[in-house]
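So you can see what is in the structure, the chains are spelled out below.
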Amino acid sequence: MKQIYKKKNSFLELSHKNNISPNFALDKIDKIDISNSRKFNDNQKKIFLTVKEELKKGNASEFSLTSNILDELNITDEEDWAKYLIHRYRYEVYPDKKILDDFPPYLQIEPSSICNYRCVFCFETDKTFTNKKNGFMGTMKSELFRDIIDDAKNNIEFISLASRGEPLVNPEFEKMIGYTEGKFLNLKINTNASLLNEKKCHSILSSGVKTLVFSADAAEEKLYSKLRVNGKLHKVLKNIEQFNHIKEKDYKNKKIITRVSGVKYSDEQDFKKMESFWKNLVNQVAFVDYNPWENIYVKEPNNLKTPCSDLWRRMFIWWDGKINPCDTDYKSNLKIRDYDGSISEAWKSEVYNNLRIAHLNQNRSNVKPCQSCNVI
C-alpha cells in the first residue's frame, strides 16, 4: 500500500514570519474568561475550557499552538481569540475523534472549476473532466455565493474560496469577494496568481480575506513552467510584487497572511531555493505532499481501512451548487445533494452519515473512489 496522506499534517513548513511568541499567546489565552459571556453557548464554553486545559499539557497535548495558529492569532483581534480557538479546535480535533456537530469545521466554496493552468499533478489534466460537454466546467453565480455566505456566517469561521479550479477566473470575483468583508475569522483564497491584476488586488485587500495562498512549486522559470503548464513564473512574480506594493501603499493596516505553497512532486524541486526565492515576498513558504488524485478513478483499490478524517472536517460546494465531501472525488461520484439553503442539513444528512458509517465500519473498499484514495 502506498503512503497514506493526512491533509492537516501534510505541510513542510520552510519559512514563517511569526510576530507573536507562544508564551505571549499562552499567557493571553489563560486570562480569557468566557464563562459569563452571552456570545457563546454552553458547548462552545466547554470546548474553550478544553482548549485551555490542552494547551497547558505542552507536548502531551492533542491541541497545540503551531506556527500557523500563532500567525492566525496574530491577525485576529484579541476579543475574538476565544472564538477562533473554539473553531480551530473543532477543525484539528473533531475529525480525529469523529465528533460531528451542526456545521462542518471548514467549508470550501468553489468560485470556478475552470483553470487556465494544466498542472501535471492536478485533475485538470483529465480531459474527461475539462471537456465542457461533460458539464463539469463553470463558474459560480454571485447570487448563489451570497446565499452560501449568509448561511455560513456565524456558524463556520474557516472558509476557503478554492477547490478544483482557479477562483480568479470567475467574472464576478470582485463582487463576490466584496460580500465577505467582516464575516469570517479566517477566509482563505488559493490562486496561481496569474490573473492577479491591480483591480483584483484592491478587491482582495478591501474584503474579508485573511489568508492569500499563491500556489507555486519552483524557483526557476523552466521548472515552474514544466510543473505548472501554461504558467509563467516571471508573470506571477510581477503580480505578487504588485500586490505587495498596493498593500504597502493603500492598505498598511490590513491584517492578512500571504503564503507560497507548492506541491512536493519532483526530485528536481529544491526546497532551499524555494525558501530563498519567496521568503521576502510572503509571510510563509510551505510545501504540501503530492497526492495522486488526478487518476483516482482508474487506480486499483488500496485496501486502506482507516476512515477519512475529511468526512468530519470539511464540506465542498461546487460552482453549480453540488455539495461534495471531498475534492479527490472531483467528478462528484459521492455527491451529497444540491445546495438548498442549509449547509447544516446537508452536513447531517442521511447520505453523508451513511458514507461516514461505511468508513467507520472499515468498508471504504466498497465505496468508489474511496477504495483507491489514500487520504485519512
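Residues numbered from 1 in each chain as written. Predicted model: local features only at pLDDT ≥ 70, side-chain atom pairs only at ≥ 80, totals over all residues. Heavy atoms only, no water.

Colleague: Would you mind showing me how to read the overall build of the protein chain here?
Modeller: Of the regular secondary structure elements, the protein chain holds 13 helices and 12 strands. Computed over its C-alpha atoms, the radius of gyration of the protein chain comes to 20 Å, within 12% of the 21 Å expected for a compact globule of 376 residues. Taken along its principal axes, the extent of the C-alpha atoms in the protein chain is 55 × 55 × 40 Å. Out of the 376 residues belonging to the protein chain, those deemed buried represent 57%. (Helix = DSSP H or I, 4+ residues; strand = E, 2+ residues; numbered from the N terminus. Rg over C-alpha atoms; globule rule 2.2 N^0.38 Å. Buried < 20%, exposed > 50% of the residue type's maximum accessible area, 1.4 Å probe, protein only.)

Colleague: Got a minute to help me understand unusual backbone geometry in this structure?
Modeller: Most of the time, phi is negative for any residue but glycine, and the peptide bond is trans. Cis peptide bonds are those with omega within 30 degrees of zero, and the linkage from Lys-368 to Pro-369 qualifies with 10 degrees. Counting through the fold element by element, Pro-369 comes out in the segment after helix H13 (350-360).

Colleague: How should empty space enclosed by the protein be read in this particular structure?
Modeller: Think of a ball as big as a water molecule: rolled over the atoms, this probe shows where empty space is left. Enumeration over the complete set of coordinates arrives at one cavity of 30 Å³ or more. Size it by volume and the largest cavity reaches roughly 130 Å³. Lining the largest cavity are 16 residues, and of these Cys-308, Cys-326, Leu-334, Cys-370 and Cys-373 sit closest to its centre. Looking at the lining of the largest cavity residue by residue, the class counts come to 10 nonpolar, two polar and four charged. (1 Å grid on protein atoms, 1.4 Å probe; cavity = no way out; pocket = protein on both sides within 12 Å on 5 of 7 lines; lining within 4 Å. Points joined across faces, edges and corners; volume = space filled by probe spheres on them. Nonpolar A, V, L, I, M, F, W, Y, C, P; charged D, E, K, R; others polar.)

Colleague: Help me out: how do you make sense of the layout of surface pockets in this one?
Modeller: Here the second largest pocket defines a volume of roughly 420 Å³. Lining the second largest pocket we find 18 residues, and of these Asn-41, Gln-44, His-87, Asn-154 and Asn-155 sit closest to its centre. Secondary-structure elements contributing two or more residues to the lining of the second largest pocket are helix H2 (42-56) and helix H4 (81-97). Considering every element that reaches the lining of the second largest pocket, the biggest residue donor is H4, with four residues.

Colleague: Where do I start with the environment of Ser-349 in this structure?
Modeller: On the secondary structure map, Ser-349 appears in the loop between helix H12 (343-347) and H13. For Ser-349, a relative accessible area of 6% puts it in the buried group. Along the primary structure Ser-349 and Ile-336 are separated by 13 residues, whereas in three dimensions their C-alpha atoms are 8.1 Å apart.

Colleague: Sorry if this is basic, but what is going on with the environment of Trp-312 here?
Modeller: Counting through the fold element by element, Trp-312 comes out in the loop between strand S9 (284-289) and strand S10 (314-317). Given a relative accessible area of 3%, Trp-312 falls into the buried group. The spatial distance from the C-alpha of Trp-312 to the C-alpha of Arg-90 is 9.4 Å, given a sequence separation of 222 residues. In contact with Trp-312, other than residues within four places in its own chain, are Tyr-94, Pro-95, Lys-98, Ile-99, Leu-100, Pro-105, Pro-307, Trp-347, Arg-356 and Leu-360. (Contact = heavy atoms within 4.5 Å.)

Colleague: Would you mind showing me how to read the packing of aromatic side chains here?
Modeller: One pair of aromatic rings is described through two measures. These are the centre distance and the angle between the planes. Applying the stated criterion to the full structure yields 17 aromatic pairs. Members of the aromatic cluster, each reached through a chain of ring pairs, are Phe-123, Phe-129, Phe-136, Tyr-297 and Tyr-330. Taking NZ or CZ as reference, Lys-183 lies 4.2 Å from the ring centre of Tyr-179, over its face. (Phe/Tyr/Trp six-rings, centres within 6.5 Å; stacked < 30°, edge-to-face > 60°. Lys NZ or Arg CZ within 6 Å of the ring centre and 35° of its normal.)

Colleague: I tried to follow the pairing of strand S5 (residues 186-191) on my own but got confused; where do I start?
Modeller: The side chains of a regular strand alternate between both faces of the sheet. By the criterion of burial, S5 is predominantly enclosed, with five of the six residues buried. Between the parallel elements strand S4 (residues 158-161) and S5, the chain passes through helix H7 (residues 173-178) in a crossover that is right-handed. Of the pairings in the sheet, the one linking S5 to strand S6 (residues 209-215) comprises five bridges and is parallel in character. Within the sheet, the bridge partner assigned to Thr-191 lies in S6 and is Phe-214. Taken together, S5, helix H8 (residues 198-205) and S6 form a β-α-β motif whose crossover is right-handed. (Right-handed = clockwise from strand over helix to strand, strands pointing away. Pairing = 2+ DSSP bridges.)

Colleague: Would you mind going over the nonpolar core with me for this structure?
Modeller: Grouped burial of nonpolar side chains is what soluble globular proteins tend to show. The biggest cluster of nonpolar side chains holds 85 residues, and the ones touching the most others in it are Leu-107, Trp-278 and Ile-343. Those residues in contact with Leu-107 that sit more than four places away from it in its chain are Ile-148, Ala-152, Ile-156, Phe-158, Ile-159, Ser-160, Met-315, Ile-317 and Ile-343. If you look at the next biggest cluster of nonpolar residues, it comprises 27 residues, including Ile-34, Phe-40, Leu-73 and Leu-85. (Core = buried A, V, L, I, M, F, W, Y, C linked by side-chain atoms within 4.5 Å.)

Colleague: Explanation requested: the pairing of S4 in the structure shown.
Modeller: Because side chains alternate across S4, one face comprises the buried residues Phe-158 and Ser-160, and the other comprises Ile-159 and Leu-161, equally buried. Sheet topology note: the strand S2 (residues 106-109)/S4 ladder contains four bridges and is parallel. Paired with Ile-109 across the bridge in S4 is Leu-161. Judged from the four bridges that link them, S4 and S5 form a sheet pairing that is parallel. Its bridge partner being in S5, Leu-161 is matched across the sheet by Ile-189.

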